Amino acid sequence: MSGVLENWDVSDKLKGVNIPTLILRGKYDTMSMRCSQKIKDSMPKGTAKIIEIPRAAHCKLIDEPELCVEETYKFLKSQDFESVD
């Protein structure tokens, strides 16, 4: 990372995310699995799930829009949002 985002870091705020969160990443994403896992691990246990979209890079919604929608739908259907404060 370089330029204006080189020192930008809000990862300390992830611990405050207490709702179900889907982390979509492409298999060939510039955001590595290590980075995705760090995001997930920074959130309260059980709130985040990582899904890797095959045949996709960082613009996974352009590369594989149907699969992204399908995975998002499955994730949303699996959640109990009525119990979320």
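The text that follows walks through the structure, step by step, so that each part is easy to find.

Definitions and cut-offs
Residues numbered from 1 in each chain as written. Predicted model: local features only at pLDDT ≥ 70, side-chain atom pairs only at ≥ 80, totals over all residues. Heavy atoms only, no water. Helix = DSSP H or I, 4+ residues; strand = E, 2+ residues; numbered from the N terminus. Buried < 20%, exposed > 50% of the residue type's maximum accessible area, 1.4 Å probe, protein only. Contact = heavy atoms within 4.5 Å. Salt bridge = Lys/Arg side-chain N within 4 Å of Asp/Glu carboxyl O. Core = buried A, V, L, I, M, F, W, Y, C linked by side-chain atoms within 4.5 Å.

### Digging into the overall build of the protein chain
Okay, step 1: Secondary structure assignment for the protein chain yields 3 helices and 2 strands.
Okay, step 2: The order of helices and strands in the protein chain, counted from the N terminus, is β-α-β-α-α.
Okay, step 3: Its C-alpha atoms give the protein chain principal-axis dimensions of roughly 40 × 30 × 20 Å.
Okay, step 4: When the 85 residues of the protein chain are sorted by exposure, 25% land in the buried category.
Okay, step 5: Across the protein chain, contacts joining residues at least 24 apart in sequence account for 66% of those joining residues at least 6 apart.

### Quick look at the pattern of salt bridges
Okay, step 1: In this structure the tally under the stated criterion is 4 salt bridges.
Okay, step 2: Where R55 meets E64, a salt bridge forms, and the shortest distance between an N and an O atom there is 3.2 Å.
Okay, step 3: Note that E71 is salt-bridged to K74, the shortest N-O span being 3.4 Å. Of the two residues, E71 and K74 are both situated in helix 3 (residues 65–77); the distance of 3 residues between them amounts to about one turn of the helix.

### Side note on the nonpolar core
Okay, step 1: If you look at the biggest cluster of nonpolar residues, it comprises 6 residues: L24, I51, I53, A56, L67 and C68.
Okay, step 2: Taken together, the elements giving at least two residues each to this core come down to strand 2 (48–53) and helix 3.
Okay, step 3: Look past the residues within four positions of I53 in its chain and what remains in contact with it is L24, R25, G26, K27, K60, E64, L67, C68 and E71.
Okay, step 4: Membership of the second largest hydrophobic core comes to 5 residues, among which are L14, I23, A48 and I50.

Read these as spatial facts, not as claims about activity.
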